[in-house]
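What follows is the residue order along each chain.
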Amino acid sequence: MTAHGLPVEPRTGHWPGVTAAALTATVTVMPGFTVGALAPAIEADLHVSRTSVGLTISAFYAATAVGSPIAKRVAARLPAPVVLAVAAVAACAVMITVARVDDLTAMTAALVAGGLSNGLVQPAAGRLIAARVPARRRSLAAGAVGAAMGAATLVPGLLVAVVVPACGWRPAMVIAGLTALIPVALAPLARVPPGPPPVRAGGSAPAGRTGAVLVLWASAAALSATGNNAVATYFVQLGAHSGLPAAVTGNLLSLSALLAIAVRLCAGALTDRAPRRNPAVITAMMLAGGLGLALIATGTPVTFVLGAALAFSAGWGWTGLLLAATLRLVAHQAAENAGHTVQVGIYTGAAVAPSAFAALSSAFGFAGAAFVAATAALAGATAMTAGALLSRRPR
C-alpha cells in the first residue's frame, strides 16, 4: 500500500503498464498533429484554406475536451487494457480514413470520432498510475504518459521530411495510421489490480477547495496548451516563414519531439524527489515556453530554432507533472479525476489553438499570432500559481 492507501504491484511490475499507456496516448493524439504537419499538402490537394484545415483540427481536440466527462466514466468501468486497445485501433482507423477522403467534411467527421476515442486514454492512465505506481515514482510515470504530446509530433515530422516529398500526403497518413497499431499488442500489460477506494492523503487540499484548484489548473493547462499546440500544429509553416526549407523543418520537428520526451522524463525523475514543488516547476516551464513562443515570433531561422527548443521542451514539458500534481491533490477521490482534469484543460486549449492561430496569422501574420500565443502562456502560468497558492492555504 502507498501513503495514499492505494494498492500497487511489486516494484518492478508497473513500468510495462506505464509504457503501454504512454505509447497509446502518443498514437491516439497523433491524428491532430499529423493533419497539422501535412496541412500544406492537404490544402493544395483538397483546394481548401488554412483556416478551414485549422477548424478541422480544432474539431479533433474539441471532441476530446467535450467528450471527456463521458470518457472518464467509460474508462472507470472498463478494464484499462480494453480501453487502451480500443483507443489505439480507433486512431488507426481514423488516420486511414483521412488518407482516403476527398473533402473536408468527411475529414472533419473522422477526426471528431478520433477525438472522442482519444479522450479515453488520460483517465485510464490516471487510474493505472494511481493503482500501480508507488508515490515516489508517480511524477516520472506521469511524465512518461505526458511525453505522448511530444512524441506524437515525432512521426509526423519524419513523414514530412521523408515520405511526403516522394509519395505525397495520403501514403504518409496511411503510414501514420499503421503506426497506431503498435500499442495494441502492449495493452494487456496495463492491467489495474482491484483494490479499496483511495483515501485522502494528509497533504491534500481540503475537499471544499479541491474543485477550485482543479479549475484553476485546468485553466492554466488550457491557456498554455493553446500557444504550444498552435506552434506544434503549424510548425512546418512557421519554419517556412522563418526561412527554413520544409525538409529541414520536418527534421527539426522530430528532433524537438525527442527533446520534449527527454525533458518530460527528466523533469519527472527530478521532481519525484520533492513532489510538493511540482506546481512551481510547472509554472516555470510555462513561462519558459512563453519565452520560446516570443522567440519564434521574431521570424528568423536562429530564433525559430531556439524558440522551438524552448516551446517543445519547457512549453510542453509540464503535462506529466500536472497529472502527477492533480493525482496528489485528488488522492481521496477517484483517480480518473486527475487525468480528466488535465485532459479537459489541455484539449480545450488544443481545440482553440489551430483555428484561432490560423485566423490570427491570416489577419496579423505569423509573428502577431505567435506573440498572442506567448501571452496565453503567461496567463497560464498566472493561473497555475493561483491554484498552487490556494491549495496551500490553511483550513
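Residues numbered from 1 in each chain as written. Predicted model: local features only at pLDDT ≥ 70, side-chain atom pairs only at ≥ 80, totals over all residues. Heavy atoms only, no water.

Visitor: Can you help me understand empty space enclosed by the protein in this one?
Guide: Unoccupied space between atoms shows up once a probe the size of one water molecule is rolled over them. Applying the stated criterion across every chain, the model contains 2 cavities of 30 Å³ or more. Counted as a void, the largest cavity has a volume near 90 Å³. Gln122, Val145, Gly146, Met149 and Ile346 are, among the 14 residues lining the largest cavity, the residues nearest its centre. Mapped onto the lining of the largest cavity, the elements with two or more residues apiece are helix H8 (138–146), helix H9 (148–151), helix H17 (319–329) and helix H18 (336–392). Each residue belonging to the lining of the largest cavity can be placed in one class, and the counts come to 9 nonpolar, 5 polar and no charged. (1 Å grid on protein atoms, 1.4 Å probe; cavity = no way out; pocket = protein on both sides within 12 Å on 5 of 7 lines; lining within 4 Å. Points joined across faces, edges and corners; volume = space filled by probe spheres on them. Helix = DSSP H or I, 4+ residues; strand = E, 2+ residues; numbered from the N terminus. Nonpolar A, V, L, I, M, F, W, Y, C, P; charged D, E, K, R; others polar.)

Visitor: Hey, could you run me through H17 in this one?
Guide: Every α-helix carries 3.6 residues per turn, so stepping three or four residues along brings you back to the same face. Most of H17 sits out of view: 10 of its 11 residues are buried. When H17 is considered as a whole, its buried residues turn out to be Thr319, Gly320, Leu321, Leu322, Leu323, Ala324, Ala325, Thr326, Leu327 and Leu329. (Buried < 20%, exposed > 50% of the residue type's maximum accessible area, 1.4 Å probe, protein only.)

Visitor: Help me out: how do you make sense of the environment of Val94 in this one?
Guide: Along the chain, Val94 turns up in helix H5 (residues 80–100). Residues Val94 and Ser219, 125 residues apart in the sequence, show an inter-C-alpha distance of 29 Å. Sequence-distant contacts of Val94, that is, excluding residues within four places in its chain, are made with Pro31, Ala110, Leu111, Ala113 and Gly114. (Contact = heavy atoms within 4.5 Å.)

Visitor: For this particular structure, what's the right way to read the nonpolar core?
Guide: The nonpolar side chains of a soluble globular protein tend to be buried with one another. Among the nonpolar cores identified, the biggest contains 119 residues, and Val35, Tyr61, Val98, Met107 and Trp318 are the most heavily contacted of them. It is H18 that provides the largest number of residues to this core, a total of 18 residues. The contacts of Tyr61, once residues within four sequence positions are left out, are Val29, Gly32, Phe33, Asn229, Tyr347, Ala350, Ala351 and Pro354. (Core = buried A, V, L, I, M, F, W, Y, C linked by side-chain atoms within 4.5 Å.)

Visitor: Help me out: how do you make sense of the packing of aromatic side chains in this one?
Guide: Any two aromatic rings considered together are summarised by their centre-to-centre distance and by the angle between their planes. Summed over the entire model, instances satisfying the criterion amount to 5 aromatic pairs. Pairing Phe235 with Phe304 gives two aromatic rings, centres 5.1 Å apart and planes at 50 degrees, and the pair type is tilted. Note that Phe235 is positioned in helix H13 (residues 235–241) and Phe304 in helix H16 (residues 301–313), a separation of 69 residues in sequence. The exposure class assigned to Phe235 is buried, which follows from its relative accessible area of 1%. Three or more aromatic residues link up through ring pairs in this structure, and these residues are Phe33, Phe60, Tyr61 and Tyr347. (Phe/Tyr/Trp six-rings, centres within 6.5 Å; stacked < 30°, edge-to-face > 60°.)

Visitor: What's the story with the packing of helix H1 (residues 15–37) against helix H3 (residues 50–66) in this structure? I'm lost.
Guide: Packed helix pairs are specified by the crossing angle of their axes together with the interaxial distance, meaning the distance between the axes. H3 packs onto H1 with a crossing angle of 170 degrees between their chain directions and a minimal axis gap of 10 Å. As far as their axial angle goes, H3 and H1 are roughly antiparallel. Each of Thr28, Val29, Pro31, Gly32, Phe33, Val35 and Gly36 in H1 lies in contact with H3, whose residues at this interface are Val53, Ile57, Phe60 and Tyr61. Of the residues belonging to the contact of H1 with H3, the class tally is 8 nonpolar, 3 polar and no charged. (Axes fitted to C-alpha atoms, helices over the stretch in contact; angles between N-to-C directions. Parallel < 35°, antiparallel > 145°, perpendicular 65-115°, else oblique.)

Visitor: Help me understand a nonpolar patch on the surface in this model?
Guide: Taken together, Ile70, Val74, Leu78, Val82 and Val86 make up a surface patch of nonpolar side chains, about 380 Å² in accessible area. Those elements that place two or more of their residues in the nonpolar patch are helix H4 (68–77) and H5. Mapped onto the elements, Val82 comes out in helix H5. (Patch = residues over 30% accessible without salt bridge, like charges linked within 9 Å, V, L, I, M, F, W, Y side chains within 5 Å. Areas by Shrake-Rupley, 256 points an atom, 1.4 Å probe, with all protein chains shown as cover. Salt bridge = Lys/Arg side-chain N within 4 Å of Asp/Glu carboxyl O.)

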